[in-house]
Amino acid sequence: MKNFFYLEGAYLILGGIILLITLFVTTRSFMSKGAVKRGVFWVTIVLAIFIGAHYKITTDRMVEVRDAFENGKTIICENRMQRKVAQSVNIQKSNDWILENNNFVSPNYSRPFFIARCIVK
């Protein structure tokens, strides 16, 4: 469950803001009776589907990246430190990279890379 909140926390906050906007709009005098129930219900359903699908896709990609790394394949991770020179980092087990708690770590590199932000080459 901690992993879900870590991966989807920003989307849950945005979903809450969207629900508040929906609640505000559906309580206006020009809206029909029952608009609050219908609006909040359908917006909640759509948000739950989108957030759930994003979580499923992300965790599936994490498993794929972990398996590929263990099998010696090259992993590409986004490099947010140097946007102009090297926008990605190639990670391989043979280049002193290890996987610790969903983070790729190397003694030759200054920072770890979270596995959810990587793809298989």
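Quick caveat, the model's predicted, so the values are computed rather than measured.

## Focus on the overall build of the protein chain
- Summing up its helical and strand segments, the protein chain has two helices and six strands in all.
- Counted from the first residue to the last, the protein chain has its helices and strands arranged as α-α-β-β-β-β-β-β.
- Radius of gyration (C-alpha) of the protein chain: 20 Å, far over the 14 Å computed for a compact globule of 121 residues.
- In terms of its C-alpha atoms, the protein chain occupies a principal-axis envelope of roughly 65 × 30 × 25 Å.

## Some words on the sheet that holds strand S1 (residues 75–78)
- Read from one edge to the other, the open sheet built from three strands follows the order S2-S1-S6, with strand pairing classed as antiparallel. Edge positions in the sheet fall to strand S2 (88–91) and strand S6 (118–120), since each has one partner strand and no second. Shown here is a sheet whose adjacent strand axes are inclined to one another by a mean of 25°, direction ignored.
- The sheet contact formed by S1 and S2 spans four bridges and is antiparallel.

## Points about the packing of helix H1 (residues 2–26) against helix H2 (residues 35–70)
- Axis separation between H1 and H2 bottoms out at 10 Å; the angle between their running directions is 165°. On the basis of their axis angle, the class for H1 and H2 is roughly antiparallel. The element H1 and its partner H2 pack so that their crossing is right-handed.
- Its residues assigned to classes, the contact of H1 with H2 comprises 15 nonpolar, nine polar and one charged.

## Some remarks on unusual backbone geometry
- Of note, the phi angle at Asp 96 is positive, near 70°, even though the residue is not glycine.
- For Asn 102, which is not a glycine, the phi torsion comes out positive at approximately 65°.
- With respect to the element layout, Asn 102 can be found in the loop between strand S3 (98–100) and strand S4 (103–105).

## Details of the state of the cysteines
- A complete count under the given rule lists one disulfide for this structure.
- The disulfide partner of Cys 77 is Cys 118, and the S-S distance across this bridge is 1.8 Å. Between Cys 77 and Cys 118, the S-S torsion sits near 105°, and that sign places the bridge as right-handed. Pair noted here: Cys 77 is in strand S1 and Cys 118 is in strand S6, with a separation of 41 residues, a long-range link.

## Focus: the sheet that holds S4
- An order of S3-S4-S5 is seen for the three strands of this open sheet, with the pairing classed as antiparallel. Only two strands of the sheet have a single partner each, and these edge strands are S3 and strand S5 (113–114).
- Here three bridges tie S3 to S4, and the two strands are oriented antiparallel to one another. Bridging from a neighbouring strand, Ile 98 pairs with Val 105 of S4.
- Against the sheet, H2 touches S3, S4 and S5, its axis set at about 140° to S3.

Definitions and limits used
- Residues numbered from 1 in each chain as written.
- Predicted model: local features only at pLDDT ≥ 70, side-chain atom pairs only at ≥ 80, totals over all residues.
- Heavy atoms only, no water.
- Helix = DSSP H or I, 4+ residues; strand = E, 2+ residues; numbered from the N terminus.
- Rg over C-alpha atoms; globule rule 2.2 N^0.38 Å.
- Pairing = 2+ DSSP bridges.
- Axes fitted to C-alpha atoms, helices over the stretch in contact; angles between N-to-C directions.
- Parallel < 35°, antiparallel > 145°, perpendicular 65-115°, else oblique.
- Left-handed = near helix turned anticlockwise from the far one by under 90°.
- Nonpolar A, V, L, I, M, F, W, Y, C, P; charged D, E, K, R; others polar.
- Disulfide = S-S within 2.5 Å.
- Contact = heavy atoms within 4.5 Å.

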